[in-house]
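Fold and contact review
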Amino acid sequence: AREAIAQMALVVVMIAVVWGSIALHLTQQRQEVERRAARDSANLAHAAAESIGQTIASVDEALRFMEAVYASDPRHFDIGAWANRANRTRLVALEFAIFGPDGKLAASSFGPANAPTDFSDWDFFKAHVDDPTDRLFMSKPVLGRTSGRWSMLFTRKIVAVDGWFMGVIAASVDPLWLTELHRK
């Protein structure tokens, strides 16, 4: 009987060792899967951030160029032609616009405005009116008053050669485009 109990105890110990080994192996596998998932997620986040950063830099470069061209000769600036040339370089802008010093829409790449729409109460315009610096402003997604489409506004102030505030230039970007960018 002692021998049967000893054999039974040995079987129980062997089963416990097997189950313990299986549990240890599964724990190690889970930890490895979690490490890989964390690494892959970090790589994806980095790639998405880099891509979005490049897009923002590209839109900002277009705005700076547009500002320089417009400020040098506002009377002869054709925003529609300029937008067509700029968007051929794979920009993601839905619309380019110029707002006068009063906040009213002065020109749009969508074509002439039927009635001047006032944007002086919008955050993007307020951000530039009293700011002495030349900085890029990026809005939260907003529903356009003239386009009726959701967009993020990337804006810069327009300053004349003599320092006079001429208004604000804007590029409207579809916020979904920024989220779809890294899925491809």
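Here the structure is a predicted model, which is why all the values come from computation and not from measurement. (Residues numbered from 1 in each chain as written. Predicted model: local features only at pLDDT ≥ 70, side-chain atom pairs only at ≥ 80, totals over all residues. Heavy atoms only, no water.)

Of note, V129 is situated in helix α3 (residues 123-129). Residues V129 and A48, spaced 81 residues apart in sequence, show a C-alpha to C-alpha distance of 32 Å. (Helix = DSSP H or I, 4+ residues; strand = E, 2+ residues; numbered from the N terminus.)

Further remarks concern the packing of aromatic side chains. A full pass over the atoms with the stated rule returns nine aromatic pairs. Between the aromatic rings of W122 and F124, the centroid separation amounts to 6.2 Å while the plane-to-plane angle is 80°, which identifies the pairing as edge-to-face. The exposure class assigned to F124 is buried, which follows from its relative accessible area of 2%. Ring centres of F125 and F165 lie 6.0 Å apart, and the angle between their planes is 65°; on these two criteria the pair is classed as edge-to-face. Placement of the pair is F125 in helix α3 and F165 in strand β6 (residues 165-173), with a sequence separation of 40 residues. Across the pair, exposure class does not vary: F125 and F165 are buried alike. (Phe/Tyr/Trp six-rings, centres within 6.5 Å; stacked < 30°, edge-to-face > 60°. Buried < 20%, exposed > 50% of the residue type's maximum accessible area, 1.4 Å probe, protein only.)

Right, let's get into the side chain of D60. As for its placement among the helices and strands, D60 is situated in helix α1 (residues 2-72). Since its relative accessible area comes to 14%, D60 is described here as buried. For D60, the residues in contact, after removing those within four places along its chain, are L136 and R156. (Contact = heavy atoms within 4.5 Å.)

Another point: α1. Compared with an ideal rise of 1.5 Å per residue, which puts 71 residues at 105 Å, α1 spans 103 Å between its outermost C-alpha atoms and is within 8% of the ideal. Regarding α1, the residues found buried are A48, T55, V59, D60, A62, L63, M66, E67 and Y70. (Expected span 1.5 Å × (residues − 1).)

Among the nonpolar cores identified, the biggest contains 22 residues, and L63, M66, F77, W82, F96, I98 and F154 are the most heavily contacted of them. Elements supplying a minimum of two residues to this core: α1, α2 (79-87), β1 (93-99), β5 (150-159) and β6. If you tally residues by element for this core, the top one is α1, at five residues. When residues no more than four places from it in sequence are discounted, the contact partners of W82 are A62, F65, M66, F77 and F96. Counting residues in each nonpolar core, the second largest holds 13 residues, with A97, F125, F137 and L153 among its members. (Core = buried A, V, L, I, M, F, W, Y, C linked by side-chain atoms within 4.5 Å.)

The next point concerns the side chain of S108. Assignment of secondary structure puts S108 in strand β2 (residues 105-108). Given the relative accessible area of 9%, S108 is considered buried. A polar contact of 2.4 Å, which involves the side chain of S108, links it to the side chain of E95. A distance of 3.0 Å separates a polar side-chain atom of S108 from the backbone nitrogen of F110. Those residues within four positions of S108 in sequence are excluded, and the remaining contacts are I79, E95, F96 and A97. (Polar contact = N/O pair within 3.5 Å; in protein donor to acceptor, adjacent residues only side chain to side chain.)

Working note: regular strand, side chains alternate between the two faces of the sheet. Taking burial as the measure, the 10 residues of β5 include eight buried ones, the bulk of the element. Bridge count between strand β3 (residues 137-138) and β5: two bridges; the pairing is antiparallel. When the bridges of β5 are listed, M138 appears paired with F154. The pairing of β5 with β6 spans eight bridges and is classified as antiparallel. Note on β6: the bridge partner recorded for F154 is A171. (Pairing = 2+ DSSP bridges.)

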